[in-house]
Amino acid sequence: MLNYDLVVVGGGPAGMAAALKAKECGVDSIIVLERAETLGGILEQCIHTGFGLHYFGEELSGPEYAAKFIDQLKGTDIVVKTDTMVLDIDDDKVVTAVNKKDGLLKINAKAIVLAMGCRERPRGALEIAGSRASGIMTAGTAQKYVNLDGYMPGKKVVILGSGDIGLIMARRMTLEGAQVKVVCELMPYSGGLTRNIVQCLDDFGIPLRLSTTVVETHGTDRLEGVTIAQVDDKLQPIESTKEYIECDTLMLSVGLIPENELTKNVGIGIDRITNGAVVDEMRQTDHKGIFACGNVLHVHDLVDYVTLEAQIAGQGAAEFILGGDKDAVYVTPETGNGVRYLVPQRVNINNKNEVKLYFRVGQIYKNAKVVLECDGKVISSKKKVKLAPGEMENVVIPADILAGMTPDSSIVVRVEE
Amino acid sequence: MCYDVSIIGAGVIGAMTARELAKYELKTVLVEATNDVAMGASKANSGIVHGGFDAKPGSLKARFNVKGCEMMPQVCRDLSVPYKNNGSLVVAFSEEEMETVKELYDRGITNGVPALSILDKAQLKALEPNLSDDVFGALLSESAGIVCPYELTIASTENAVSNGVEFVRNFKVDGISFDNGVFTLTSADGDTIKTKYVINAAGAHSDEISRLIGDESVELIMRRGEYFILDKAVGNLVSRTIFQCPTKMGKGILVSPTVDGNLLIGPTAEDVDVKDDTSTTSEGLKTIKTFSVKSCPTVSARNAITSFSGLRAHPVNNDFIIGPSKINPQFIQAAGIESPGLTSAPAVAEYIAEILVNAIGNVPENKNFNGIRKDVFRFRHATDEEKSAAIAENPAYGRIICRCESITEGEIIDAIKAPAGARDVDGVKRRTRAGMGRCQGGFCGSKVVEILARELGCSINDITKFGKGSNILFERTK
């Protein structure tokens, strides 16, 4: 049995930032366990730029963004084990992991930060009828083949789903000489960033067809084509709009699912909307000493926000390790009109600092207001030219407002049209 | 060189027959058209070991089903194939259907099925509380079970090959000539195999193979069945296999646990014209949802991790076609094997071997035959001590490739190096479960491609999903 103050599960942007912050806050022994061969997580295959604009004030590629944290880690005594898979976490915060060199590892932790990231939704969950030909893959898998392995996974491509990875891959495949015929999106709006729709589709003349889905795949060996159709307001395909498109590749970018199998095994409460843990403002789960941050907590739009969130979790874990468990009085913020979820889901009113609540809206709004209401009083009302499900929003509960709250206080975030 | 016996088709019937023949001093070859074993109905069916009450008394189906069900537990133990004697229920939803249940009971007794009983609603709900409140009663068959159909095929082939049978893949028989008591099988690529006896176990294609010697007696209708596999989170919704009352088209939509802990719902039954068309259809998937909810109201396709379809080679005469061809007695039919074909396979294989051995006469037994196929190391099933020991011996067991199912690099290498081992991504998946979990290969798919290329000594764009034409990658990027 090994002993560490802090075990960080995952060495992507969230895990690295959490570990570094905890170190900065004075935590003595920290170990980061990463399942891939290298640190950096999914950033390693995101060779496009656009990372770091908020956090570093400069435009970086994914590997460049990751490298900044990898370099910082090298300057510390934080232990990093790559190619190491965490198999289990138990109630007493014993982490079981495995790798080739050490075999089975049992690590006793004072605190744990969960930073496992997310995975892509596969085809099976979509009920697309048709054959099981090769050439159907998630956009992230295709991205790995192109950017890391250097092989083309297709030449004539249809992309289902307008999540950011799908949009990025539309551009990437086009640059590599493939023909991206269309990006279909089931919903009447894209789930991706506006900047990605402009820079990855519009600039290359790739059509985005909203309220459209793939209903069938064709071809017995390699994919030969897909049938697409528009959907009605219940998202059901409209028979008369069916259209055959010849292609050898179908890329799926139909949503990301936080990877919370370990979290669930510990028995940590999960938010039904985010599919991540229910956390307080320091990103502590309902299991004391276990924190979560990054895409395992809720799917972020920008890695910059992952970093900021992970630093909160790192600080929270440090405070827990160094100061022990403190009495908390929680208020649960409520989602009002238009707001799908709020993270954190619980706010400790004994906390002395302001608290930022992150959320996403359920549809597109134009010229709307984001309103924060505490105990029936409007605390802030911010005008927004546009609100879209693809972009994370936030509101801040000021420290003085929190200080004046009681356990019966209410916090509501809503969109006013 | 001339083989004594060529088995055409490495489905469960061909593979188990190969293993039976390995018990004798015979030169046997198992000839498969595709890149792997179990590529037809043997990889896409319900995985049920039926009790044997369904088949018409006196039919080959009844005879081999009851015998096969009895043999299955031992065969699976010998071959280290997952099998579970979970029992099955045929559920009635009306007084009228209770009559059907009673008929099935009587038929089962006639067929010699052990441990049958009729349950009333209270008894049924006590056994399976998640069944619909609309149930009237059910037939319980305690000898029924579940098995992994492709693992049974893979394990049988491995064991046959370990005992001297040759396995030839990508040999699609498209010509058979007969001269001086010897058949010559010709492949689509022009390769030939000479053999004294042929066993036609070509599944959906057994009618075509039969026609190659001028025997028109194998008449098949392709009957497609579609399924959903649901997440392990709902794998214990029922503990027994739940059938509805059978119809003319088959045993109806079932809800069943699988040996791997998932829940299986399906199959539909739809006659189709095209062979090898294992597409799913939106109508079919809708049908499964409608009918499975009737048995279990809480079953939801929202938990689906994948859907698939398989083709039953339904014989027009409604019974298995087993025995020497009337055109040429050295050509043995093992055709029209639809449900309960999987259950019947061990018994059918034994019977065919017997026919052959009697026909050839004075065949010595293979004294070196070892019918035990040791289980491969499975990280997810090992204790901590076993894991540590395995990794100490082979570090590749310490590297997890498939995160969802905890499959290690070592297990994948084992699957490739096994006798008649995996040559493509789906072959690795069936042997190890890598890619069968909830992410369906999203993370591990590309790593499996890398490992296959490394172990087979080829480039990663030579690796296929399931053999010829199903390549995954094209040329290098710019």
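The structure displayed is predicted, hence computed values, not measured ones.

A. Region of the structure containing the overall build of chain A. Regarding its fold elements, chain A presents eight helices and 29 strands. Taking 417 residues into account, the globule formula puts the C-alpha radius of gyration at 22 Å, and chain A, at 22 Å, falls close to it. Along the three orthogonal principal directions, the C-alpha set of chain A runs to about 60 × 60 × 40 Å. Going through the 417 residues of chain A one by one, you find that 59% of them count as buried. Within chain A, contacts between residues at least 6 apart in sequence are counted, and of these 62% link residues at least 24 apart. By element, 48% of the accessible surface of chain A is carried by carbon and sulfur atoms, the whole surface being about 16,200 Å². Charge centroids of chain A, computed over 44 positive and 56 negative side chains, lie 1 Å from each other.

B. Local environment of the overall build of chain B. Along chain B, the regular secondary structure elements total twelve helices and 22 strands. Computed over the C-alpha atoms, the radius of gyration of chain B is 22 Å, within 12% of the 23 Å expected from 2.2 N^0.38 for a compact globule of 478 residues. With respect to the principal axes defined by its C-alpha atoms, chain B has extents near 65 × 55 × 45 Å. Excluding contacts between residues fewer than 6 apart, the proportion of contacts in chain B whose partners are at least 24 apart in sequence is 72%. Counting only carbon and sulfur atoms, one obtains 49% of the accessible surface of chain B, whose full area is about 18,400 Å².

C. Region of interest: the domain arrangement of chain B. Residues and elements named next belong to chain B. Under the domain assignment used here, chain B contains domain 1 (2-42 + 150-219 + 318-360), domain 2 (84-146 + 221-312) and domain 3 (379-462). Across the boundary between the two partners, domain 1 contributes ten residues, which contact eight residues of domain 2. Together domain 1 and domain 2 conceal approximately 620 Å² of surface at their shared face, both sides included; 41% is due to carbon and sulfur atoms. The three residues of domain 1 that bury the most area against domain 2 are Ala-204, His-205 and Glu-338, which together make up 50% of that side's buried surface.

D. Inspection of the interface of chain A and chain B at higher detail. Taken together, the contact between chain A and chain B spans 45 residues of the former and 54 residues of the latter. Approximately 4,200 Å² of surface area, both sides summed, lies buried where chain A meets chain B, with 55% of it carried by carbon and sulfur atoms. Looking at the side of chain A facing chain B, the largest losses of area belong to Lys-100, Arg-132 and Tyr-151 of chain A, adding up to 17% of the total buried there. Close ionic contact of Glu-259 of chain A with Arg-403 of chain B constitutes a salt bridge, the shortest N to O distance being 3.7 Å. Linking chain A with chain B are 26 residue pairs in polar contact (both at pLDDT 80 or more). Elements represented by at least two residues in the side of chain A that touches chain B include exactly β6 (85-89), β7 (94-99), β8 (103-114), β9 (118-120), β10 (129-130) and α3 (139-149) of chain A. No other element matches α3 of chain A, which puts five residues into the side of chain A that touches chain B. Each residue belonging to the side of chain A that touches chain B can be placed in one class, and the counts come to 17 nonpolar, eleven polar and 17 charged.

E. Representation of the sheet that holds strand β26 (residues 365-374) of chain A. Pairing is mixed in the open sheet, where four strands are placed in the order β22-β29-β26-β27 (chain A). Strand pairing shows two members of the sheet lacking a second neighbour, β22 (334-335) and β27 (377-387) of chain A, which therefore form its edges.

F. Region of the structure containing the pattern of salt bridges. Residues and elements named next belong to chain A. On inspection of all chains with the given rule, the structure shows 52 salt bridges over all chains. The residue Arg-119 makes a salt bridge to Glu-261 at a minimum N-O spacing of 3.2 Å. Of this pair, Arg-119 sits in strand β9 while Glu-261 sits in helix α6 (residues 261-266), and the two are 142 residues apart along the sequence. Judged by its relative accessible area of 6%, Arg-119 is buried.

G. Local environment of the domain arrangement of chain A. Residues and elements named next belong to chain A. Taken as a whole, chain A is organised into domain 1 (1-120 + 255-325), domain 2 (122-254) and domain 3 (327-417). Measuring from the centre of the C-alpha atoms in domain 1 to the corresponding centre in domain 3 gives 25 Å. With 20 residues of domain 1 at the interface, the matching set in domain 3 holds 18 residues. The junction of domain 1 with domain 3 conceals about 1,500 Å² of combined surface from both sides, 54% of it contributed by carbon and sulfur atoms. Here domain 1 is connected to domain 3 by zero salt bridges. Between domain 1 and domain 3 we count nine residue pairs in polar contact (both at pLDDT 80 or more) in total.

What counts and what doesn't
Starting from 1, residues in each chain are numbered consecutively following that chain's sequence as written. Chain A is the first chain written and ligand 1 is the first ligand written, with later ones labelled in order. It should be noted that, the model being predicted, local features are given only for residues of pLDDT at least 70 and side-chain atom pairs only at 80 or more, the latter also being counted only at that level, while totals for whole chains, interfaces and linings use all residues. The basis for every side-chain value is the complete set of heavy atoms in the structure, and neither hydrogens nor water enter the calculation. Note on conventions: DSSP H or I runs of at least 4 residues are helices, E runs of at least 2 residues are strands, and numbering of each starts at the N terminus. Both definitions apply: the radius of gyration is a C-alpha atom measure, and the globule rule equals 2.2 Å times residues to the power 0.38. Remark: exposure states derive from per-residue accessible area (1.4 Å probe, protein chains only) relative to the maximum for the residue type, with buried under 20%, exposed over 50%, and partly exposed in between. In this description, contact between two residues means that some pair of their heavy atoms is separated by no more than 4.5 Å. Methods summary: accessible areas were calculated by the Shrake-Rupley approach with a probe of 1.4 Å, and residue burial reflects only the protein chains presented. Charge assignment in this entry is limited to Lys and Arg as positive and Asp and Glu as negative, and neither His nor the chain termini are counted. Lys charges are placed at NZ, Arg charges at CZ, Asp charges at CG and Glu charges at CD. The start and end points of each domain follow an automatic or database-based domain assignment. The buried area of a pairing is the accessible area, by a 1.4 Å probe, that goes missing from both parts when the two are put together, added over both. Each salt bridge in this description consists of a side-chain nitrogen of Lys or Arg and a carboxyl oxygen of Asp or Glu lying within 4 Å of one another. In protein, a polar contact requires one atom able to donate a hydrogen and another able to accept it; more generally it is a pair of N or O atoms within 3.5 Å, and residues adjacent in sequence count only if both atoms are side-chain atoms. Three categories are distinguished: nonpolar for Ala, Val, Leu, Ile, Met, Phe, Trp, Tyr, Cys and Pro, charged for Asp, Glu, Lys and Arg, and polar for the others, with Gly belonging to the last. One bridge is not enough; two strands pair if DSSP finds at least two bridges between them.

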